[in-house]
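# Structural characterization, general
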Amino acid sequence: MSNRAPLAIGKPLLFLALALPALWLVWQWLAFAAGAPHHLGFNPQETSNRFSGLWALRCLLLTLALRPFSQAIGRPWPLALRRMTGLYAFAYALMHLSSYLGLDLLFDWKTFTRDLLERPYIGFGMATLALLLPLALTSTRRAVRRLGARRWLALHRLVYIAGILAVSHFLLLAKGDLREAQIYAALIAGLLLLRIPRRYFLRDIRGQRAQGPANG
Ligand code: HEM
């Protein structure tokens, strides 16, 4: 199968699928504002914070999973979806921050500063977003050309750190029942592990090649 065929159908479908949760949330808030029935529950702000946070994390996980998926099926096309899924992770993280700052705290900067100082998970969330920002800003082809492939790749490896910070954020805020946060942490750990042995393996091969046929 060519690299273009699955992308031609898969990319727009994935784009729509990942837009649906955001559209659902906006729809629910509009219904809430209009006094119509909605699904935001008794604490709409909390539902909104959690929903947008979960989708930011899911998109980040999906971005990290596309490389191993591409290797597993032996096709490069999933790699071309990473820019979109990464940008979705950033967009959901911005939505999450807006939900917390705007809808939950009503832009009460004093409470925000107090939360930031007293609740370590808020710091972890901010650090995750701070890492996602340069990745989103340099996600264009022009940025790759400007930075050069090596520097661009080095910068974009920060996505793994963002994943670790995001699950730390989740683990720290999950009161009592840690199971869901632990599942996400295990998934991130699994994806990181898949990445490490391959690099060591390649280093071994390169080392053997550098030593040349004298050893073989
Ligand atoms: C921008 C800075 C961030 C702030 C201020 C922030 C703040 C919050 C708050 C207030 C909650 C709800 C806590 C509760 O209800 O007990 C939350 C939940 C969450 N956040 Fe963040 N967050 C930030 C960034 C992020 C990012 C970048 C991600 C993921 C990429 C993320 C993922 C999550 C997840 C998964 C949850 C839990 C959802 C659940 O309980 O089901 N957050 N965050």
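Residues numbered from 1 in each chain as written. Predicted model: local features only at pLDDT ≥ 70, side-chain atom pairs only at ≥ 80, totals over all residues.

## Re unusual backbone geometry
Applied cut-off: Helix and strand assignments come from DSSP, with helices taken as H or I runs of at least 4 residues and strands as E runs of at least 2, each series counted from the N terminus. Think of it as a crowd count around each C-beta: if 20 or more other C-beta atoms lie within 10 Å the residue is buried, if 12 or fewer it is exposed, and in between it is partly exposed, with C-beta placed from the backbone throughout.
One non-glycine residue, leucine 106, lies in the positive phi region at around 50°. In this fold, leucine 106 is placed in the loop between helix 3 (82-104) and helix 4 (109-118). Taking the number of C-beta atoms within 10 Å as the measure of exposure, leucine 106 has 9 and is therefore exposed. Notably, phenylalanine 107 is not glycine yet its phi reads approximately 55°, a positive angle. Within the secondary structure, phenylalanine 107 is located in the loop between helix 3 and helix 4.

## Considering helix 5 (residues 120-137)
How we decide: By this rule, a helix spans an expected 1.5 Å times one less than how many residues it contains. The arc in question is formed by the directions pointing from the helix axis toward the C-beta atoms. C-beta atoms are placed from the backbone for every residue, and two residues are taken to be in contact when these atoms lie within 7 Å.
Helix length check: helix 5, at 18 residues, gives a terminal C-alpha distance of 26 Å against a target of 26 Å (1.5 Å per residue), a fit within 8%. Buried within helix 5 are the following residues: Phe124, Gly125, Thr128, Leu129, Leu131, Leu132 and Leu135. All buried residues of helix 5 lie within an arc of 165° about the axis, which places them on one face of the element. Away from its buried face, by an angle of more than 90 degrees, helix 5 presents the exposed residues Ala130 and Leu137. Residues of helix 5 that are buried make contact with helix 3, helix 7 (149-156) and helix 8 (158-173).

Any functional reading would require information that these geometric values do not contain.
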